[in-house]
Amino acid sequence: MTATLTPSPSSASVAAPVHSTSAGHLPKWAPWALLLVAFVVSATIFAFVNAGNDPADFNIALTLVVGLIFYMALILVISTVVESRRHAIDRLMTALVSGAFVVALLPLISLLYTVVVNGLMRFDGEFFSFSMRNIVGEGGGAVHAVWGTLLITLGATIISVPIGLMTSIYLVEYGEGRKLARGITFLVDVMTGIPSIVAGLFIYSVFSLIVGPGTRMGIMGSLALSVLMIPVVVRGSEELLRIVPNELREAAYALGVPKWLTILKVVLPTAIAGILTSIMLAISRVIGETAPLLLTVGIVQGMNLNMFGGQMATLPVFSYMQAKYPGIPVDAYLERAWAAALTLIVIVMVLNLLARIIAKVFAPKINGR
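Residues numbered from 1 in each chain as written. Predicted model: local features only at pLDDT ≥ 70, side-chain atom pairs only at ≥ 80, totals over all residues. Heavy atoms only, no water.

Going by the annotation in an unreviewed UniProt entry, the name recorded for the chain is Phosphate transport system permease protein PstA, with Microbacterium phyllosphaerae given as the source organism. In its Subcellular location (unreviewed entry) section, the UniProt record describing the chain reads: "Cell membrane". (UniProt positions renumbered as here; feature names shortened; annotations may be inferred.)

Please explain the packing of helix α2 (residues 29–49) against helix α3 (residues 60–82) as it appears in this structure.
For the pair α2 and α3, interaxial distance at closest approach is 8 Å and the crossing angle is 135 degrees. Looking at the two axes, α2 sits oblique to α3. Classified by chirality, the crossing of α3 by α2 is right-handed. In this structure, α2 contributes Pro31, Leu34, Leu35, Val37, Ala38, Phe39, Val41, Ser42, Ala43, Ile45 and Phe46 to the contact, and α3 contributes Leu62, Thr63, Leu64, Val66, Gly67, Leu68, Phe70, Tyr71, Leu74, Ile75 and Ile78. Its residues assigned to classes, the contact of α2 with α3 comprises 19 nonpolar, three polar and no charged. (Axes fitted to C-alpha atoms, helices over the stretch in contact; angles between N-to-C directions. Helix = DSSP H or I, 4+ residues; strand = E, 2+ residues; numbered from the N terminus. Parallel < 35°, antiparallel > 145°, perpendicular 65-115°, else oblique. Left-handed = near helix turned anticlockwise from the far one by under 90°. Contact = heavy atoms within 4.5 Å. Nonpolar A, V, L, I, M, F, W, Y, C, P; charged D, E, K, R; others polar.)

Just checking my understanding: could you explain the pattern of salt bridges for this structure?
Where side chains of opposite charge bring their charged atoms close, a pairing between them can arise. Tallied over the entire structure, the rule returns eight salt bridges. The closest approach of N and O atoms between arginine 91 and glutamate 83, which form a salt bridge, is 3.0 Å. Among the salt bridges present, the one from arginine 235 reaches aspartate 189, with a minimum N-O distance of 3.5 Å. One end of the pair, arginine 235, is in helix α8 (residues 218–242); the other, aspartate 189, is in helix α6 (residues 179–192), with 46 residues separating them in the sequence. Judged by relative accessible area, aspartate 189 falls into the partly exposed class, the value being 40%. Among the charged side chains, a salt-bridge network with shared partners connects Glu176, Asp189, Arg235, Glu238 and Arg242. (Salt bridge = Lys/Arg side-chain N within 4 Å of Asp/Glu carboxyl O. Buried < 20%, exposed > 50% of the residue type's maximum accessible area, 1.4 Å probe, protein only.)

Written out as structure tokens, the structure is:
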């Protein structure tokens, strides 16, 4: 006869772990509660310092930064006492990384908030329907600058994308280990650091020698922006083409597909989403440039859609001129400047959304998805 051991009720059921301070672990809500306490303390201190002043002078960004510092000190001390030094260091490092992320976002959020609040004052139908021809003081709009920005940026994209993409294809697919490829890479790296004003001066000097001094045209602006766009497109596309698995290329070669067709039908579709992202980064890099356009394109008060005839208006130059040389009333000029800056942000956002949609449509499908 074999005896069977039946576990006692106390040993059969294991109690669920209790997350409490007595068990050596902080509860999940504790970091959030400490964060709230730190922000409340920081806000109280700055509210006391700012007492009697204009409430608009309350520094939100500095309050958040000081609150994060208070939180790091609290979480380090409390975690050391309740848990252990190892847990405390881990929580401190997590707070440092998260705090660095928040601090990096603060200028962006502040910039967007300022531009949106001030730009909405003139973000109306008149602003997108009228130019500044025969307008003095209030009223008018920037439709001529919007069209000028779109046309000049489109021209720069048409010039830069084929050159940059074909250069990156050569560097990855054909130029591996060659001196020419190393020279191209070096020149692209140098071009990446060229100040925008130098690109504008270069194009202006070339056209001054060919056409004549004082020449300003839309195509000159496109060429100046393309000098800034090409290295961004090359470096971004090159890195994305390099991460395409070699197995895809080898499978195509094994089927007898020539190299140029493999690049066209296999490599580029695989990397199309990232390539479009790099192109959008290049466009975002140049669409707000003011110095090269001020030199090469100039500014006009009316509509000019001819890229090869006369000066054109662009949103960066329009915003700069409205803010730098305001008339009377000053507020009307500053409102147009802020509205032009907000329009630039909206254009970049729309272009990024379109690029993501296009990338999703043309990206290779996996399992029919």
